[in-house]
Amino acid sequence: MSATQQHLFVELPDGWSSQIDIRQTSGGRYAGVAELSLRGLKRGVLVFMQQPSLDAAVARVRLRASQFARERLSLAETRAGVRAS
């Protein structure tokens, strides 16, 4: 991958944050990694494969990061409900 790097904002549920690294490949496509944290604790890493454009890569990482965070919140709520029963 080339040294071209993009930093971007991804809207996530409360308490979640992300550090996203998108790079352009030598073939002109875009790929990268998103580290997701909940209240400062790393909770997951998403690797997104090559996308045809920067816009497509940004759209992909935004979608996957928000899905990841929502799914983890849903699991935590389910577990909390089971423990409370």
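These numbers were taken from a predicted model, which means no experiment stands behind them. Within each chain, residue numbers correspond to sequence positions counted from 1 in written order. With the structure being a predicted model, the display of local features is reserved for residues of pLDDT at least 70 and the display and counting of side-chain atom pairs for 80 or more, all residues being used for whole-chain, interface and lining totals. Side-chain numbers come from the whole structure's heavy atoms, not from hydrogens or water.

## Focus: the packing of aromatic side chains
Okay, so step 1: Working definition: rings of Phe, Tyr and Trp (its six-membered ring) pair if their centres are within 6.5 Å, and the pair is stacked with planes under 30 degrees apart, edge-to-face with planes over 60 apart, and tilted otherwise. This model, assessed by the stated rule, comprises one aromatic pair.
Okay, so step 2: On the basis of an interplanar angle of 90° and a centroid distance of 6.0 Å, the ring pair of Trp16 and Phe68 is categorised as edge-to-face. Of this pair, Trp16 sits in strand E2 (residues 16–24) while Phe68 sits in helix H1 (residues 54–84); the two residues are 52 residues apart in sequence, bridging distant segments of the chain. Residues Trp16 and Phe68 agree in their burial class; the two are buried.
Okay, so step 3: By the criterion adopted, a ring carries a charge over it if an Arg CZ or a Lys NZ lies within 6 Å of its centre and within 35 degrees of its normal. Taking NZ or CZ as reference, Arg72 lies 4.0 Å from the ring centre of Phe68, over its face. Strands are runs of DSSP state E lasting at least 2 residues, helices are runs of H or I lasting at least 4, and numbering of each runs from the N terminus. Each residue gets one of three labels from its accessible area relative to the maximum for its type: buried under 20%, exposed over 50%, partly exposed in between, using a 1.4 Å probe on protein chains only.

## Topic: the pattern of salt bridges
Okay, so step 1: For this analysis, a salt bridge means a side-chain nitrogen from Lys or Arg found within 4 Å of a carboxyl oxygen belonging to Asp or Glu. Here the structure, examined in full by the defined rule, presents one salt bridge.
Okay, so step 2: Between Arg23 and Asp21 there is a salt bridge, and its shortest N-O distance comes to 2.9 Å.
Okay, so step 3: Taking relative accessible area as the criterion, Asp21 reaches 23% and is therefore assigned partly exposed.

## Looking at a nonpolar patch on the surface
Okay, so step 1: Taken together, the side chains of Val33, Val45, Val47 and Met49 make up a nonpolar region of the molecular surface, amounting to roughly 360 Å² of accessible area.
Okay, so step 2: If one sorts the elements of the nonpolar patch by residue count, strand E4 (residues 41–51) sits on top with three residues.
Okay, so step 3: Assignment of secondary structure puts Val47 in strand E4. Exposure above 30% relative accessible area and the absence of a salt bridge qualify a residue for a patch, where like charges join within 9 Å and nonpolar side chains (Val, Leu, Ile, Met, Phe, Trp, Tyr) within 5 Å. Calculation of accessible area relied on Shrake-Rupley with a 1.4 Å probe; when residues are assessed, cover is drawn exclusively from the protein chains displayed.

## Digging into the environment of Leu36
Okay, so step 1: Residue placement: Leu36 occurs in strand E3 (residues 30–38).
Okay, so step 2: Using a relative accessible area of 0% as the deciding quantity, one classes Leu36 as buried.
Okay, so step 3: The sequence separation of Leu36 and Ser17 amounts to 19 residues, and the corresponding C-alpha distance is 5.9 Å.

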